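Summary of the model geometry
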Amino acid sequence: MSVVVSNGQPTLTLVLDEEQQMLRSTARQFVDQHAPVGRLRTLRDARDPRGFSDALWKDMAELGWLGLQLPEEHDGVGLGFFDLAVVLEQCGRRLMPEPLVSTLLLGAQALMLGGTSEQQAAWLPGIGAGEKLVALGFDERGARGNPAAGKTRAVRTGSGFTLTGSKVGVLDAHVADLIIVSAHVDGQLGLFLVDPSAPGVSITRHVALDLRNAGTVTLTDVLVGEDAVLGGVSGLDNGGSVLDQVLDRARIGLAAEMLGAMEQAFEDTVNYLKERVQFDRPLGSFQALQHRAARLYTSIALARSAVLAAARTVDQSSDPREVAKFAALAKVRASEAFYDVAREAIQLHGGIGMTDEHDIGFYLKRAQTTLVSFGTNDALRARWAELNGY
Amino acid sequence: MSEPSQQSESAELREFRAEMRAFMREEAPKSLLGTSPCGPFDGYWGGKLHPPVDPDVLRWRDVTLARGLTAPTWPKAYGGAGLSYAHAKVFYDEMRELGLPRPVVGFGFAMIGPTLLQFGNEEQKLQHLPAICAGEIRWCQGYSEPNAGSDLANVQLACEPDGPDHFILNGQKVWTSHADRSDWIFCLARTDRSAKKQRGITFILVDMRTEGVTPRKIELISGASPFCETFFENVRVPRSNVVGEVNAGWTVAKALLGHERSMIGQSIGRDPGSTQRELVKLARKHLDAAEGPIPDPLLRDRVAAVSMEEAAFQLTLDRLAQSRAAGGPGTESSIMKIAATELKQRRFETGMALAGAQGLGWEGDAFDEEDLAYTREWLRSRANTIEGGSSEVQLNIIAKQVLGLPEVK
Ligand SMILES: Cc1cc2nc3c(=O)[nH]c(=O)nc-3n(C[C@H](O)[C@H](O)[C@H](O)COP(=O)(O)OP(=O)(O)OC[C@H]3O[C@@H](n4cnc5c(N)ncnc54)[C@H](O)[C@@H]3O)c2cc1C
């Protein structure tokens, strides 16, 4: 693959520069201080109507993280996707349920990659300011994450389109100010900007395994104008390819979160092995357990490289197929490593790891979710094979 | 593919790159172009017992040697070019671009050389390093013994003083790769039996031509015979051949193992994408699918999974190279040893699955040469997780030195 060198030079810088290191440590401090994992339990038990903290979201906006990658002309900071990934990794450490994936990875990327300048101007500044939340619905029951397999349709009417269908697992649909949905139209896949309060839109929130917030969005003859097509009607046939690119970025961003999550779960587990005494010695002195920990450490190191390379590629490559390869790589390697870490974390904690009272279980729930989010890993390996010509 | 980023390379390095490129275009023998992945073990092994060799290989050695480039980072005084790691990388990158083999390779260049630079005295450096640079002397590694494998500190090769200036060696080494083709051997020997194991070891260099040194070949499961048992019977060695202090050889030994592991990782990572290319080629051959998707979806999935493992490994090599502040392998060499060798084994296992029954031949016309060779290479690959410190030993190192997990009291 072309990660490496033409002309003898590594294409990809896989280490953080000084500013990114600073960003990383600020983010780490903030998350450690304000976002303990136990919050997930509190929000769940209180049946919190939003399922995350609006105050924290505003703080993150003020720190500049929500607009980190947004262009300056839309009041963003104008940094790269790599910088965003640096922040996401830290948020992932504590499994933050704030609408990062929906708004920053799906919504904002869709608008940036496919939106008209009016659409961008209408939404991006609000996203960066923490005032607007965006959701994106592409998956449907039975479609297994493949947008093309969905059944939602858009039918042309006099002045626009009517949308009918149902999207499942739509992250943060219940709080979104805007929902972008994919729908088949004239044999193409289009992306449509839908106002959640429009007639015919119904949103049912469910309690998700990993305590991120999601719901089902049902569209019954929802009327939208031509200006609701992402990129404008002229861009109608572009929807499928924009969506592919958006999902690739989401895979990479999610993988960055996973990196933080697996590191934290691993760190907690190694600490537990050092503290817990059985047979008059710390558990961590048993070689059977040492080797399992050392293996996890190795697979985390490999996942880290894949994720950093993928994030860097978003910024450096103008070829969507190249990004797609790295997205598949990052998502598969990170989610597999994460799942291994989380599963082992429970096992090595013993009984306490099985209790709701302990935080480690939240990592397993998130890990299982990442395995099947944004395309199953089997599908992504098939995609990798196809992109590499076999 | 996206444009390689030039931003991080200084003007000085760019100039050096251009200079190296011009040098190679002009002086490298044309017959060698495109012949090698340029890994740390791909090239001329040298030594006095080397079988006859293509004169172009020697010419390539000569032109690089004249500029100190057979060991680019070694000081000029010892035959190197005194270059920084960054410059050396540029040199190797350019060689790889052209598919040129390394002018001199071997355990001298990869293991004992760097160790002598760190621990050797001036006479030792002057005696051995230039000869390594020139590929005149081939070295082998006398570490393992019948009762000292993973527990290397248990070496028993007896090393008794004989007068003020000599030692006498008696005992046996085993698994000595290429001892039968080597000129010198670096050994771990026991000089103090009363001290704690690690404290009674001495690192000593022995000329294989000394009376009493006898290598005997051992055949591997692959049918090849690349290594030996090496016997020492009253072998008299000058005291000046001790590297570091007497009884302080363990520190020297461990440093050398770090170099060995990192070379193994780099060697397996020397040809990015080769695993995927090889497996796809085998799939096309054995599943009779000249193009398009690999027809068996389960095998296709396996190929993709190994190829992803390869990519993640390769990127990790890059990442660690970038983050290594300055030279010298550290604990990351243990991660890379495990990742590299297990990748290589998975590659061969997948290749064998693709070959199916065509992978089950040993000799005979039912199999082509490539099939037969592949099966033997698969067998050889089983050694990768044993040699150079087994995977289990690497896991021990990671657990204790990196993760800080406690020792058994
Ligand atoms: C192809 C090849 C080339 C080699 N070349 C050389 C050479 O040139 N020079 C040289 O000196 N040596 C060489 N070796 C030897 C190699 O370094 C040893 O084989 C290796 O260190 C393992 O030692 P052993 O064979 O005695 O196995 P043992 O140490 O007996 O190990 C047997 C098994 O037990 C496991 N084990 C051992 N100790 C532990 C532990 N503490 N915890 C958990 N598991 C453990 C090992 O991982 C292994 O799986 C070579 C070996 C091979 C296969």
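Residues numbered from 1 in each chain as written. Chains lettered and ligands numbered in written order. Predicted model: local features only at pLDDT ≥ 70, side-chain atom pairs only at ≥ 80, totals over all residues. Heavy atoms only, no water.

**With respect to the domain arrangement of chain B**
Residues and elements named next belong to chain B. With domains assigned, chain B is organised as domain 1 (3–105), domain 2 (139–251) and domain 3 (269–402). Relative placement of domain 2 and domain 3: their C-alpha centres are 32 Å apart. Summed over both sides, the interface between domain 2 and domain 3 buries roughly 440 Å², with carbon and sulfur atoms accounting for 67% of that surface. One can count zero salt bridges joining domain 2 with domain 3. Summed over the shared surface of domain 2 and domain 3, the result is one residue pair in polar contact (both at pLDDT 80 or more). (Domains from an automatic or database assignment. Buried area = accessible area lost by both parts, 1.4 Å probe. Salt bridge = Lys/Arg side-chain N within 4 Å of Asp/Glu carboxyl O. Polar contact = N/O pair within 3.5 Å; in protein donor to acceptor, adjacent residues only side chain to side chain.)

**Observations concerning the side chain of His184(A)**
Here His184(A) lies in strand β4 (residues 178–185). Non-local contacts of His184(A), meaning those with residues more than four positions away in its chain, are made with Pro147(A), Ala148(A), Gly150(A), Thr152(A), Arg153(A), Ala154(A) and Leu189(A). (Helix = DSSP H or I, 4+ residues; strand = E, 2+ residues; numbered from the N terminus. Contact = heavy atoms within 4.5 Å.)

**Description of the packing of helix α5 (residues 100–114) of chain A against helix α6 (residues 117–128) of chain A**
Packed helices, taken two at a time, are described by the angle between their axes plus the distance between the axes. Residue and element names in this part refer to chain A. Where α5 contacts α6, the axes come no closer than 9 Å and their chain directions differ by 155°. On the basis of their axis angle, the class for α5 and α6 is roughly antiparallel. Crossing geometry of α5 relative to α6 is assigned as left-handed. Only Gln-119, Gln-120, Trp-123, Leu-124 and Ile-127 of α6 make contact with α5, whose side of the interface consists of Thr-103, Leu-104, Ala-108, Leu-111 and Met-112. Residues that form the contact of α5 with α6 fall into these classes: seven nonpolar, three polar and no charged. (Axes fitted to C-alpha atoms, helices over the stretch in contact; angles between N-to-C directions. Parallel < 35°, antiparallel > 145°, perpendicular 65-115°, else oblique. Left-handed = near helix turned anticlockwise from the far one by under 90°. Nonpolar A, V, L, I, M, F, W, Y, C, P; charged D, E, K, R; others polar.)

**Digging into the packing of helix α8 (residues 287–316) of chain A against helix α9 (residues 332–355) of chain B**
One way to put it is that α8(A) packs onto α9(B) with a least axis distance of 10 Å and a crossing angle of 80°. Comparing their axes, α9(B) and α8(A) come out roughly perpendicular. For the pair α8(A) and α9(B), contact is made by Arg295(A), Tyr297(A), Thr298(A), Ala301(A) and Leu302(A) and by Ile335(B), Ile338(B), Ala339(B) and Glu342(B), respectively.

**Details of the packing of aromatic side chains**
Aromatic rings in a pair are described by how distant their centres are and how their planes are angled relative to each other. Residue and element names in this part refer to chain B. On inspection of all chains with the given rule, the structure shows 18 aromatic pairs over all chains. With 5.5 Å between their ring centres and 40° between their planes, Trp-139 and Trp-184 make a pair best called tilted. Taken together, the residues span a long stretch of sequence, with Trp-139 in strand β1 (residues 139–142) and Trp-184 in strand β4 (residues 184–190) at a distance of 45 residues. Both residues of the pair, Trp-139 and Trp-184, belong to the buried class. (Phe/Tyr/Trp six-rings, centres within 6.5 Å; stacked < 30°, edge-to-face > 60°. Buried < 20%, exposed > 50% of the residue type's maximum accessible area, 1.4 Å probe, protein only.)

**Things to note about the domain arrangement of chain A**
Many structure descriptions define interface size as the accessible area lost when the parts assemble. Residues and elements named next belong to chain A. The domain boundaries assigned to chain A delineate domain 1 (3–132), domain 2 (135–237) and domain 3 (240–387). Here the C-alpha centroids of domain 1 and domain 2 sit 23 Å apart. Each partner contributes to the interface: domain 1 provides 23 residues, whereas domain 2 provides 20 residues. Carbon and sulfur atoms supply 63% of the area that domain 1 and domain 2 bury against each other, a total of about 1,800 Å² over both sides.

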